[in-house]
Amino acid sequence: MPNGLASNAGYGEQAEELVRQYEGVTFEEVHREVLHLFPEQPSAVLDFGAGTGRDAAALAARGHRVVAAEPTAELRRAGQRIHGDAGIRWVDDALPEASGIRASGERFDLVLLCAVWMHLADHERPSAMDTIARLVAPGGRVLLSLRHGPVPPGRRMFEITPEETVELARARGLDLLHVSERTDLHGRPGVSWHLLGFESPASPGRPTA
């Protein structure tokens, strides 16, 4: 396991290929199992690891105010080019600290982490969940996908169980709403996914670790 690599290692070098991959599937296809958990009314949305902005643009088109956090400059520039008229606010920020977003004092009705969590090492995941718990608004939701299977060359990924992730979230006052599994949309051998949904209690007094 290439633990010494940056969490977004390999993405800049493969940006052109990844743009085709990300934009080759739709928001509805990627999130079909959890579409019912996305907010229906215009809401504040934070998309961590936004990539090319596929999901951010789809959410903005539904009337949401979307902040797209993407640390890979090549992907961020591609997203700004492809979805430049979507009304997305792009930022260069990432977990576990997301210091820029946290400094803004914003809270979000939805925090989306599509194919992000598996890039975080063991020691990073507790602080990353701390950050998420602080950024999600009371009554807001967190939607997160976990990748399982072979790690592409030059990338940094970790095998993470849904049980561990649920416990990290629960310890920070986030209640489990949804767990499901699916195969890989791109048909990559041995790759599968878990999709998790959490909700923050409506009371602002929830615990944070």
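Calculation notes
Residues numbered from 1 in each chain as written. Predicted model: local features only at pLDDT ≥ 70, side-chain atom pairs only at ≥ 80, totals over all residues. Heavy atoms only, no water. Helix = DSSP H or I, 4+ residues; strand = E, 2+ residues; numbered from the N terminus. Buried < 20%, exposed > 50% of the residue type's maximum accessible area, 1.4 Å probe, protein only. Core = buried A, V, L, I, M, F, W, Y, C linked by side-chain atoms within 4.5 Å. Contact = heavy atoms within 4.5 Å. Salt bridge = Lys/Arg side-chain N within 4 Å of Asp/Glu carboxyl O. Pairing = 2+ DSSP bridges. Axes fitted to C-alpha atoms, helices over the stretch in contact; angles between N-to-C directions. Phe/Tyr/Trp six-rings, centres within 6.5 Å; stacked < 30°, edge-to-face > 60°.

For this particular structure, what's the right way to read unusual backbone geometry?
Trans peptide bonds make up most of the peptide bonds, and negative phi angles are found at most residues other than glycine. Here the amide bond leading from Leu-95 into Pro-96 is cis, since omega sits at 15°, within 30 degrees of zero. Along the chain, Pro-96 turns up in the loop between strand 3 (89-91) and helix 5 (99-104). One non-glycine residue, Ala-98, adopts positive backbone phi at about 45°. Following the sequence through the fold, Ala-98 ends up in the loop between strand 3 and helix 5. Judged by its relative accessible area of 1%, Ala-98 falls in the buried class. Positive phi outside glycine occurs at Ala-115, with the angle close to 60°. One can find Ala-115 in the loop between strand 4 (108-113) and helix 6 (125-135).

What's the story with the nonpolar core in this structure? I'm lost.
The nonpolar side chains of a soluble globular protein tend to be buried with one another. Among the nonpolar cores identified, the biggest contains 32 residues, and Phe-48, Leu-95, Leu-113, Trp-117 and Ile-132 are the most heavily contacted of them. Elements that contribute at least two residues to this core include exactly strand 1 (44-48), strand 2 (65-69), strand 4, helix 6, strand 5 (136-148), helix 7 (162-170) and strand 7 (192-199). Not counting residues up to four positions away in its chain, the partners in contact with Leu-113 are Phe-48, Leu-95, Ile-132, Val-142, Leu-143, Leu-144 and Ser-145. Residues Val-45, Ala-50, Leu-59 and Leu-112 belong to the second largest nonpolar core, which totals 19 residues.

Sorry if this is basic, but what is going on with the pattern of salt bridges here?
It is possible for side chains of opposite charge to pair when their charged atoms get near one another. Per the stated rule, a full pass over the model turns up 14 salt bridges. As a salt-bridge pair, Glu-28 and Arg-62 come within 2.4 Å of each other at their nearest N and O atoms. Taken together, the residues span a long stretch of sequence, with Glu-28 in helix 2 (residues 27-30) and Arg-62 in the loop between helix 3 (54-61) and strand 2 at a distance of 34 residues. Measuring nitrogen to oxygen at the nearest pair gives 2.6 Å for the salt bridge that ties Arg-170 to Glu-167. Of the two residues, Arg-170 and Glu-167 are both situated in helix 7; the distance of three residues between them amounts to about one turn of the helix. Given a relative accessible area of 45%, Arg-170 falls into the partly exposed group. Glu-167 gets classed as partly exposed once you look at its relative accessible area, which sits at 46%. One salt-bridge network, in which partners are shared between bridges, spans Arg-32, Glu-33 and Arg-182.

Help me out: how do you make sense of the sheet that holds strand 3 in this one?
In a beta sheet, neighbouring strands are held together by backbone hydrogen bonds and run either parallel or antiparallel to one another. If you trace the seven strands from one edge of the open sheet to the other, you get 3-2-1-4-5-7-6, paired in mixed fashion. Because the sheet does not close on itself, it has two edges, and the strands there are strand 3 and strand 6 (175-183). For this sheet, the mean angle separating the axes of adjacent strands, direction not counted, is 15°. Its contacts with the sheet put helix 6 on strand 1, strand 4 and strand 5, and the angle it makes with strand 5 is roughly 145°.

I tried to follow helix 3 on my own but got confused; where do I start?
Since the α-helix turns once every 3.6 residues, residues separated by three or four places project in the same direction. Taking burial as the measure, the eight residues of helix 3 include seven buried ones, the bulk of the element. Residues of helix 3 that are buried: Arg-54, Asp-55, Ala-56, Ala-57, Ala-58, Leu-59 and Ala-60. Gly-63 lies just past helix 3 and shows a positive phi near 95°.

Before we go on, may I ask you to explain the packing of aromatic side chains in this structure?
The way to describe two aromatic rings as a pair is by their centre distance and the angle between their planes. What the rule picks out here adds up to one aromatic pair. With centroids separated by 5.1 Å and ring planes inclined at 70°, the aromatic side chains of Phe-27 and Phe-38 adopt a geometry described as edge-to-face. Remark: Phe-38 occurs in the loop between helix 2 and strand 1 and Phe-27 occurs in helix 2; sequence separation between them is 11 residues. In terms of burial, Phe-27 and Phe-38 fall into one category: buried.

So yeah, pure geometry; function would need other evidence.
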